[in-house]
Amino acid sequence: MGDLLLVRHGETEWSRSGRHTGWTDVPLTAHGREEARRLAPLVRSLRVRAAFASPRQRARETAALIGLTDVRIDPDLQEWDYGGYEGITTARIQRERPQWFLFTDGVAPGPPEHPGESPEQVGARADRMLAKARAVPAAGEEVVVLVSHGHFLRVLAARWLGLPASAGALFRLGTGALCRLGTEHERPVIAGWNVRPAA
């Protein structure tokens, strides 16, 4: 297969304030739209074989703004289900659980329709998404693009490298950023990470 291009959606009000945003369908801010538009020339310079996006509007709008067409919406690209921590900042959570860390501790249970996910469950979704991307016939310089969310893409990168889902903690990823996963000597590598064009 070709390389994978990961795109984190542009800024939202919740991402700007540090609120955990899983299923809540928060739109992009004006700045978030501009972040996405700045990525368009980079995406246009590539040969895109296929594109997938999370069903959340912030990801779908980012996909459109960077110029992707024929985007396949896939629920496996949704952000971590934060359960009872949806909409809450890390600082607030740590007032009650001082040592809490998402990538190792998971989340508090949420409502029945959004009970929350463990790191391992997010890792299993990432594995499914990687299998779908690998099934796309791509050759040479063609890439498969995945437009998704920060924590999920960090876990996906860890799984690409054969690391546990918790290793996603090692990969900081800003809004409106590109990452490239590839291979070297047939071994998985990170070819580019957290690329954000200058304003």
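Just above, that's the structure.
First things first, this report covers the structure right here in the doc. (Residues numbered from 1 in each chain as written. Predicted model: local features only at pLDDT ≥ 70, side-chain atom pairs only at ≥ 80, totals over all residues. Heavy atoms only, no water.)

Time to look at the packing of aromatic side chains. Aromatic ring pairs are reported here in terms of the distance separating the ring centres and the angle at which the planes meet. Applying the stated criterion across every chain yields a total of 4 aromatic pairs. Taking the centre distance of 5.3 Å and the plane angle of 80 degrees together, the rings of Y85 and W100 count as edge-to-face. In this pair, Y85 is assigned in the loop between β3 (71–73) and α4 (90–96) and W100 in the loop between α4 and α5 (102–105), connecting sequence segments 15 residues apart. You'll find Y85 and W100 in the same group, each marked buried. Relative to F103, the ring of F101 lies with its centre 5.9 Å away and its plane at 50 degrees, an arrangement referred to as tilted. Given a relative accessible area of 40%, F101 falls into the partly exposed group. Of the aromatic side chains, those joined through ring pairs into one cluster are W80, F101 and F103. (Phe/Tyr/Trp six-rings, centres within 6.5 Å; stacked < 30°, edge-to-face > 60°. Helix = DSSP H or I, 4+ residues; strand = E, 2+ residues; numbered from the N terminus. Buried < 20%, exposed > 50% of the residue type's maximum accessible area, 1.4 Å probe, protein only.)

This part takes up the nonpolar core. What tends to happen in soluble globular proteins is that the nonpolar side chains get buried as a cluster. In terms of nonpolar packing, the biggest core is built from 37 residues, with L4, L146 and L156 touching the most fellow members. Of all the elements in the fold, those that place two or more residues in this core are β1 (3–8), β2 (47–53), α5, α6 (119–134), β4 (142–148), α7 (150–160) and β5 (178–184). Counting residues per element, this core draws most heavily on α7, at 7 residues. Ignoring any residue separated from it by four or fewer positions in sequence, one finds L4 in contact with L130, A133, V144, L146, W160, C179, R180 and L181. Listed in part, the 15 residues of the second largest apolar core include A36, L39, A59 and A63. (Core = buried A, V, L, I, M, F, W, Y, C linked by side-chain atoms within 4.5 Å. Contact = heavy atoms within 4.5 Å.)

Before going further, it helps to examine the pattern of salt bridges. Across all of its chains, the model carries 13 salt bridges by this definition. The salt bridge involving R196 is made with E35; its shortest N-O contact spans 3.0 Å. Of the two residues, R196 is situated in the segment after β6 (187–195) and E35 in helix α2 (residues 30–44); the sequence distance between them amounts to 161 residues. Residue class for R196 comes out partly exposed when judged on its relative accessible area of 42%. (Salt bridge = Lys/Arg side-chain N within 4 Å of Asp/Glu carboxyl O.)

Attention now goes to the packing of α6 against α7. Contact geometry for α6 and α7: axes closest at 9 Å, N-to-C directions at 70 degrees. When the axis of α6 is compared with that of α7, the two are roughly perpendicular. The two elements α6 and α7 cross, and the hand of that crossing is right-handed. Contacts between α6 and α7 involve V122, G123, R125, A126, D127, M129, L130 and R134 from the first element and F152, V155, L156, R159 and W160 from the second. A per-class count over the contact of α6 with α7 returns 8 nonpolar, 1 polar and 4 charged. (Axes fitted to C-alpha atoms, helices over the stretch in contact; angles between N-to-C directions. Parallel < 35°, antiparallel > 145°, perpendicular 65-115°, else oblique. Left-handed = near helix turned anticlockwise from the far one by under 90°. Nonpolar A, V, L, I, M, F, W, Y, C, P; charged D, E, K, R; others polar.)

Quick look at the environment of V147 now. If you trace the backbone, V147 turns up in strand β4. We classify V147 as buried; its relative accessible area is 0%. Once the C-alpha coordinates of V147 and Q99 are considered, the two residues, 48 residues apart in sequence, prove to be 31 Å apart. When neighbours within four sequence positions are excluded, V147 is seen to be in contact with V7, F52, A53, S54, A59, T62, A63, I66, L68 and L77.

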